[in-house]
Each structure stands twice: as structure tokens, then as C-alpha cells.
Amino acid sequence: MAIISDNENINLGIKKNSSVKKNPMIKPENNEYDKTYENSIRPKDFDNYIGQSALKETLKITLEAAKLREKPLDHMLFYGPPGLGKTTIAGVIASQMGVEIRITSAPSLERPRDIIGILMSLKGGEILFIDEIHRLNKVAEEILYPAMEDFTLDMTTGKSQTAKTLRVPLPKFTLIGATTKAGELSGPLRDRFGIIHRLEFYTIRELTQVVMRTAGILDIKINEQGAEAIAKRSRGTPRIANRLVKRVSDFAIVKYDGIITEDVANKSLDILKIDEFGLDTTDRALLDLIINKYDGGPVGIETIAAALSEDVRTIEDVCEPYLLQAGLLQRTPRGRKVSPEGYRHLGMKMPSEQQTLF
């Protein structure tokens, strides 16, 4: 229940962004390109959304049923490592349903007025997308409970004897939450989602299709072998694949004939210090640290983060998921350990005393 002070001046609407002074050194067309890049490569329908086949088939049926019933969709929760398309799939759902989508993130909903303002501005059938929903504070969660379940907003105004409880009806909407840490969601919030689905890492074939599609949209010349070379080093993640195709394109234009071939892609990615497993400098430094400083592990995540001068969340959310998926790292109750495959990848021999533990 949201508690609102009578003395607090609350604007329940959404404020428009104030005009930002443009940098005179940036050409307008480049400014516009940067602003629309992400939207330009995001698919707008399921036919152009590559990967996550099981989820797509489920959603197609769910969306068709909602249209036939003429009712809003059930609330949905998508979880999994970053960069797998959680925001994109929410946009596709909104497009397929023919409704608007409001996009926000949990850290930006610090005060009751933040979440109340968004809820009060929603229209019937609209989708509210909250990224990093596991980081919602307790007050925001409690406001969402009746909003998700009964489409009402419970507010208390005044204090002590003058306190009044107001129940404000809300239009029926669909909440789509995205998180990299589903386990950190509270039970009551998680139970209010009708559809919960984990997004999986992409295969090399799927990522090759992603690279080819992105290159076509951005008018980048590439052949299938070049796209596959980029896909192999993209850590199973479309966001990384899209970023790498732009970086490799820079090398192709400046150092080669402008066409991304397998040789051009591999040489460019070697210069960027991204190896054949998709590991970058930080990933290799993490494995090397555990092997050389802590005898292969186990070692605690806080110790690793401090030794690498990295944030714990960066290690857990960015580095670890793929290292674990690739079998290079293991997570144990006592800490992190480098697997035999991790030793082999770095060209190191696992000590005999470590081998007996596997």
C-alpha cells in the first residue's frame, strides 16, 4: 500500500524529457544514427525474431488466445543472462498485440510516486516492461501486488487519525518483468506472473543468422563464413554478436576491402583480444587469477572481484554465466574453481592434486 503525505506535491503524470543541448561537434545525422541504432535492429515480429523457438511457439498461442478472448495478456516474467533478447521479445509482443509498451527499470522506481505515476498513466491493454525487476524495493513491490492481481491502486493519505485509504481502479494492463536473477524475486511477486520463461543461450547457427540479419540492416558487406566466425566468438549472446559485427566492420573498411570474410573476422577479433571461445581479457584474467593465485580454487567471488578490481555484480552477471555454460568454470559451495577444460583453454596443465577433485 502506498503512503502519500498530504504535504507532498505529487504529479501522477509522466514528465516529458527536457530538451538536451546537442554537441556542435556531432553531426545531426550521426546523433540520430546512434539514437535509433538499437531500435533499427530489433525485430518487430516473430518471423524476424531469431532463436528462443520454444518460447516463440508458446507466445504465439498465448497471444492468439488473448485476441480471441479480447482480454489483456497474463503477466509475464522472462529471466536469463543479459543480452539474450528479453527487452526485444517484450517489444515483439506489444507489436503483435497492437498495443503500446512502456519501458522502465526497477532502479529508477525509487519512490512510490515513480511507480504510481506510471501505473496511473497506462491505458487499457498496454504493456508495462520493467527491466531488472529483481531490484524493485519493497514499497514498489507492495504497490504492484494489487495492481497486478486486481488492477487497483491502494493509497493512504494523511497521518494517524486523518489517514484515509483510497482504492483507485486501474485499466487492465500486462506487466512484463525481466531479470538476470530470478531467484532474488520475492515469492509473492513471482507468483503473480502467469507465464515464467527462461531465455537460453543461442547456438552458433542462430547467431550466424543474427549477424547476417544485422549486417543486412546496417548495409555491412559480409559472407556467411564471416558471419559464422563472428558467431563463434559471441558467447551465445545476440547483443554481443551485434556489437562485434560493427567492430569487425570497422576493421574491414579501414584495413581490408570492406567485406567481412572468415579471415577478416578472425584477424579483427584477434586484435580485439576476443579468442575462439569468445573470452575477452577480463574472462581470461579471471581464470588465470584463480589458477595462478589460488591454485585453481575454490575461491570466493568477493576475493575474485577485489583482485580484478571489478564489481561483484559484473563478475556474476557478465563473466560467470558464459564461463559456467562453456564448462570453463565451476561454482561450488566453497567458491569458484577452474575446470579441466578451463586449464586446457589457457594452455595450462592441471596439477595432479586438482585432478583428483574432479
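These numbers were taken from a predicted model, which means no experiment stands behind them.

Conventions used here
Residues numbered from 1 in each chain as written. Predicted model: local features only at pLDDT ≥ 70, side-chain atom pairs only at ≥ 80, totals over all residues. Heavy atoms only, no water. Helix = DSSP H or I, 4+ residues; strand = E, 2+ residues; numbered from the N terminus. Buried < 20%, exposed > 50% of the residue type's maximum accessible area, 1.4 Å probe, protein only. Areas by Shrake-Rupley, 256 points an atom, 1.4 Å probe, with all protein chains shown as cover. Expected span 1.5 Å × (residues − 1). Pairing = 2+ DSSP bridges. Axes fitted to C-alpha atoms, helices over the stretch in contact; angles between N-to-C directions. Core = buried A, V, L, I, M, F, W, Y, C linked by side-chain atoms within 4.5 Å. Contact = heavy atoms within 4.5 Å. Phe/Tyr/Trp six-rings, centres within 6.5 Å; stacked < 30°, edge-to-face > 60°.

Caption draft 1: Main features of the overall build of the protein chain. Per the secondary structure count, the protein chain includes 15 helices and 12 strands. Going through the 358 residues of the protein chain one by one, you find that 44% of them count as buried. Of the roughly 19,300 Å² of accessible surface on the protein chain, a fraction of 49% belongs to carbon and sulfur atoms.

Caption draft 2: The arrangement of helix 9 (residues 238–255) in detail. When the terminal C-alpha atoms of helix 9 are compared, their 25 Å separation across 18 residues agrees well with the 26 Å that a helix rising 1.5 Å per residue should span. Turning to helix 9, its buried residues number three or more, namely Pro-238, Ile-240, Ala-241, Asn-242, Leu-244, Val-245, Lys-246, Val-248, Ser-249, Phe-251 and Ala-252.

Caption draft 3: Examining the sheet that holds strand 3 (residues 101–105) more closely. Strand order in this open sheet of 5 strands is 3-4-7-2-8, and the pairing throughout is parallel. Among the strands making up the open sheet, the edge pair consists of strand 3 and strand 8 (195–198). Across the sheet, the mean angle separating the axes of adjacent strands is 15° when strand polarity is ignored. Pairing geometry for strand 3 and strand 4 (residues 127–131), over 5 bridges, is parallel. Bridged to Arg-102 within strand 4 is Leu-128.

Caption draft 4: View of the nonpolar core. In this structure, Leu-59, Phe-78, Ile-93, Ile-230, Ile-260 and Leu-286 are the most contacted members of the largest nonpolar core, which totals 67 residues. Those residues in contact with Leu-59 that lie beyond four places of it in its chain are Phe-46, Met-76, Phe-78, Ile-89 and Ile-93. Counting residues in each nonpolar core, the second largest holds 28 residues, with Leu-77, Leu-144, Leu-185 and Phe-193 among its members.

Caption draft 5: Here's a closer look at the packing of aromatic side chains. Using the criterion set out here, one finds 2 aromatic pairs in the structure. Ring geometry for Phe-151 versus Phe-173: centroids 5.7 Å apart, planes at 80°, classification edge-to-face. Here Phe-151 is found in the loop between helix 5 (138–149) and strand 5 (152–157), whereas its partner Phe-173 is found in the loop between strand 6 (164–169) and strand 7 (174–179), with 22 residues between them in sequence. Classification of Phe-151 by relative accessible area gives buried; the value is 19%. You can call Phe-173 buried: its relative accessible area is 1%. Seen from their ring centres, Phe-201 and Tyr-322 are 6.2 Å apart, and the 70° between their planes marks the pair as edge-to-face.

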